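Residue-level structure breakdown
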Amino acid sequence: MTHLEQLTIHEVHKLLKSKQVSSVELTKAVIARIHAVDPKIRAFVTVTEELALQQAMQADKRIADGDCRPLTGIPAVMKDLLCTKGIRTTCSSKMLENFVSPYNATVIEKLYAEGMVLIGKANMDECAMGSSTENSAFFATHNPWDLMRIPGGSSGGAAAAVAASEGFYALGSDTGGSIRQPASYCSITGLKPTYGRVSRYGLIALASSLDQIGPMTRDVEDAAIVMNAISGYDDRDSTSVSYEVTDYTKALGKNIKGMRLGIPREYFADGIQPEVASTIKTAIVALEELGAHVDWNVSLPSSPYAPAVYYVISTAEASANLARYDGIRYGFSYQAANSMWEALEKTRQFGFGTEVKRRIMLGTYVLSAGCYDTYYLKAQKVRTLIRQEFESAFEKYDALITPTSFNLPFKLGEKTDDLMASYFYDVCTIPVNIAGIPAISIPAGFVDGLPVGLQIIAKPFAEEKLLRIAHAYEQATGWQQYQPPL
Ligand code: GLN
């Protein structure tokens with residue numbers, strides 16, 4: 001039997017609108033679920049129980065007044081790097097452990113305007129650096145499909161919460177795969193929009209030229225609904241784009257007959273787990289059966305260099321972004337110092353975890369006078385090549401189909417020693433950020449009870465096309481309906 005808290009956004013919306021259920025009932029069901037399962041999963045840094053119930057009461061009033069929008073009264077989870085006024089925003093870092101933001105991120109404001117009920121802030125890798133959520137300064141999150149395994153990262157808490165019905169949807173952020181990879185590992189839908197589609201104002205920055213906020217949901221229709229609410233130009237983010245926002249739900253329910261899909265061979269290269277490759281090939285055959293024309297022989301030769309480019313550009317940008325944590329303006333501050341310099345050093349020494357410090361040092365190095373041309377400038381040139389290869393591919397194909405990740409979710413602790421390997425695991429997701437284009441990960445089946453995600457990539461601002469293909473696949477296969485055995 002499906003419980004209330006396990007429904008999708010579009011299903012509970014109907015119940016709310018017809019007053020078969022109230023937002024308070026819905027919120028209580030989610031809170032009860034969090035009490036029951038979160039001690040095992042640990043998806044949340046902060047649960048905002050009282051606030052959620054207040055917001056639910058307001059939502060019920062609004063619904064009584066006849067104003068029930070698609071997200072009104074529905075409990076949601078926010079990755080803990082989205083600033084929420086009056087609520088702790090930690091970035092899962094000691095540096096911001098007690099930081100209460102004085103303002104809301106634009107996406108939070110937009111969702112509040114729709115009547116969101118905020119149920120809590122989700123755990124993540126510290127400062128969004130990682131792919132397992134094991135880099136959180138507080139605790140690791142467990143995968144609802146197998147509690148011994150990682151949920152992916154860095155939006156691992158958000159993905160686990162949505163998969164375990166501890167909230168109806170989440171917003172995550174994706175710099176190199178942090179929405180799509182945990183979505184894949186937790187068998188949910190995760191969409192990274194085009195760079196500029198969603199305002200980054202109030203998102204604690206990792207790498208500003210790569211970061212994007214996007215929905216993490218239980219099915220494709222829900223992703224379209226959340227995209228409708230969060231997309232659009234914002235004059236507080238100079239890189240947001242004033243490209244028209246259409247109704248993304250209009251993309252759903254259309255067939256994909258005659259669509260041209262390309263399969264880039266570099267995304268099935270050495271290192272991919274054979275079971276993952278065969279699951280994705282089965283998924284591609286399913287797309288073919290739905291009438292798409294599939295070209296199995298596409299090449300994006302520069303894509304394998306994307307992780308190298310990423311670890312130069314993202315660390316360079318992170319080293320600049322994280323310079324603001326000086327212990328003076330906000331956040332953790334080392335008190336027992338004898339001088340200002342000592343205070344600054346110790347604040348950063350004790351406030352940041354190992355991975356964050358490693359990346360700050362790497363980023364500072366690649367930007368230093370003697371290294372700038374060799375590393376940073378070179379990486380920018382390869383970035384252009386990667387983008388151009390996508391551009392020419394999209395002259396021939398409507399979308400590209402790949403696995404989201406080469407691997408099934410690892411056991412907790414299994415890969416923490418193998419840093420270089422872990423950097424290269426994101427080889428399927430990183431090129432998309434490098435090129436600034438949109439991509440979606442949707443459930444594509446299971447191997448020994450562990451989820452596999454299918455990635456669909458399209459040209460800039462073609463989110464509708466992604467949603468259309470994803471929806472057709474999902475409706476034909478039904479993988480999104482499975483619930484983790486909790
Ligand atoms: N796993 C990648 C990293 O460690 C991507 C993280 C992200 O998208 N925020 O940086």
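Here we summarise the structure given alongside this text.

What counts as what
- Residues numbered from 1 in each chain as written.
- Predicted model: local features only at pLDDT ≥ 70, side-chain atom pairs only at ≥ 80, totals over all residues.
- Heavy atoms only, no water.
- Helix = DSSP H or I, 4+ residues; strand = E, 2+ residues; numbered from the N terminus.
- Rg over C-alpha atoms; globule rule 2.2 N^0.38 Å.
- Buried < 20%, exposed > 50% of the residue type's maximum accessible area, 1.4 Å probe, protein only.
- Contact = heavy atoms within 4.5 Å.
- Areas by Shrake-Rupley, 256 points an atom, 1.4 Å probe, with all protein chains shown as cover.
- Lys, Arg positive; Asp, Glu negative; His and termini not counted.
- Charge placed at Lys NZ, Arg CZ, Asp CG, Glu CD.
- Axes fitted to C-alpha atoms, helices over the stretch in contact; angles between N-to-C directions.
- Parallel < 35°, antiparallel > 145°, perpendicular 65-115°, else oblique.
- Nonpolar A, V, L, I, M, F, W, Y, C, P; charged D, E, K, R; others polar.
- Pairing = 2+ DSSP bridges.
- Core = buried A, V, L, I, M, F, W, Y, C linked by side-chain atoms within 4.5 Å.
- Salt bridge = Lys/Arg side-chain N within 4 Å of Asp/Glu carboxyl O.
- 1 Å grid on protein atoms, 1.4 Å probe; cavity = no way out; pocket = protein on both sides within 12 Å on 5 of 7 lines; lining within 4 Å.
- Points joined across faces, edges and corners; volume = space filled by probe spheres on them.
- Polar contact = N/O pair within 3.5 Å; in protein donor to acceptor, adjacent residues only side chain to side chain.

1. Remarks on the overall build of the protein
Of the regular secondary structure elements, the protein holds 15 helices and eleven strands. Taken against the 2.2 N^0.38 rule, which gives 23 Å for 486 residues, the C-alpha radius of gyration of the protein at 21 Å falls within 12% of a compact globule. For the protein, the spread of C-alpha atoms along the principal axes amounts to about 65 × 55 × 45 Å. Counting all 486 residues of the protein, 61% fall into the buried class. Taking all contacts inside the protein whose residues are at least 6 apart in sequence as the whole, residues at least 24 apart take part in 76%. With the model as given, the accessible surface of the protein reaches about 18,300 Å², and the carbon-plus-sulfur share is 53%. In the protein, 46 positive and 52 negative side-chain charges are present, and the distance between their average locations comes to 2 Å.

2. Let's talk about the packing of helix α7 (residues 220-230) against helix α15 (residues 463-477)
Between two packed helices, both the angle of their axes relative to each other and the distance between the axes serve to describe the pair. Packing of α7 against α15 leaves a shortest axis separation of 9 Å and a crossing angle of 155 degrees. As far as their axial angle goes, α15 and α7 are roughly antiparallel. Residues Val220, Glu221, Ala223, Ala224 and Met227 of α7 lie in contact with α15, whose contacting residues are Glu463, Leu467, Ala470, His471 and Glu474. When grouped by side-chain class, the residues that make up the contact of α7 with α15 number six nonpolar, one polar and three charged.

3. Here we look at the packing of helix α3 (residues 49-64) against helix α4 (residues 106-114)
The geometry of α3 relative to α4 is characterised by a closest axis approach of 10 Å and an angle of 45 degrees between their N-to-C directions. By the criterion of interaxial angle, the relationship of α3 to α4 is oblique. Contacts between α3 and α4 involve Leu51, Gln55 and Arg62 from the first element and Tyr112, Ala113 and Glu114 from the second. Its residues assigned to classes, the contact of α3 with α4 comprises three nonpolar, one polar and two charged.

4. Focus on the sheet that holds strand β6 (residues 212-217)
Within the open sheet, the eleven strands sit side by side as β1-β3-β2-β4-β6-β5-β10-β11-β9-β7-β8. Their pairing is mixed. Two strands close off the open sheet at either side, each with one partner strand: β1 (44-47) and β8 (293-298). Across the sheet, the mean angle from the axis of one strand to that of its neighbour is 25 degrees, orientation sign disregarded.

5. Digging into the nonpolar core
The nonpolar side chains of soluble globular proteins are, as a tendency, buried together. Counting residues in hydrophobic clusters, the biggest one holds 151 residues, and the most contacted among them are Met78, Tyr169, Phe390, Leu454 and Ile456. Not counting chain neighbours up to four residues away, the residues in contact with methionine 78 comprise Ile108, Leu111, Met116, Leu118, Gly120, Lys121, Ala122, Tyr169 and Leu171.

6. Description of the pattern of salt bridges
Applying the stated rule across the entire model yields 16 salt bridges. Among the ionic pairs, arginine 180 bridges to aspartate 174, the shortest N-O distance being 2.9 Å. Of the two residues, arginine 180 and aspartate 174, neither departs from the other in class, the shared state being buried. Close ionic contact of arginine 359 with glutamate 355 constitutes a salt bridge, the shortest N to O distance being 2.7 Å.

7. Quick notes on the layout of surface pockets
Think of a ball as big as a water molecule: rolled over the atoms, this probe shows where empty space is left. For the largest pocket, the calculated volume is near 500 Å³. If you go around the largest pocket, you meet 33 residues; those closest to its centre are Gly130, Ser131, Ser132, Asn135 and Ser422. Counting only elements with at least two residues in the lining of the largest pocket, the list comes to α6 (180-186), α9 (306-321), α11 (354-367) and α13 (419-424). With five residues, the single largest contributor to the lining of the largest pocket is α11. Broken down by class, the residue content of the lining of the largest pocket amounts to twelve nonpolar, 14 polar and seven charged. If you add up the space inside the second largest pocket, you get close to 320 Å³. As for the second largest pocket, its lining consists of 19 residues, and the residues nearest its centre are Gln6, Thr8, Gln480, Gln481 and Gln483. Considering only residue class, the lining of the second largest pocket consists of eight nonpolar, eight polar and three charged.

8. Thoughts on the pairing of strand β5 (residues 189-192)
It is a general feature of regular strands that their side chains alternate between the two faces of the sheet. The side-chain alternation of β5 yields two buried faces, one formed by Thr189 and Leu191 and the other by Gly190 and Lys192. Across two bridges, the pairing between β5 and β6 is antiparallel. Counterpart to glycine 190 in the pairing with β6 is methionine 216. Alignment of β5 against strand β10 (residues 439-447), held across three bridges, turns out to be antiparallel. Looking across to β10, one finds that lysine 192 is bridged to alanine 439.

9. As for the environment of serine 209
Mapping serine 209 onto the fold places it in the loop between β5 and β6. Looking at serine 209, the relative accessible area reads 21%, which means it is partly exposed. For the pair formed by serine 209 and glutamate 317, sequence separation is 108 residues and the distance between their alpha carbons is 8.0 Å. In contact with serine 209, not counting residues within four places along its chain, are Tyr195, Ile313, Glu317 and Arg383. In terms of polar contacts, serine 209 uses its side chain to reach the side chain of glutamate 317, at 2.6 Å.

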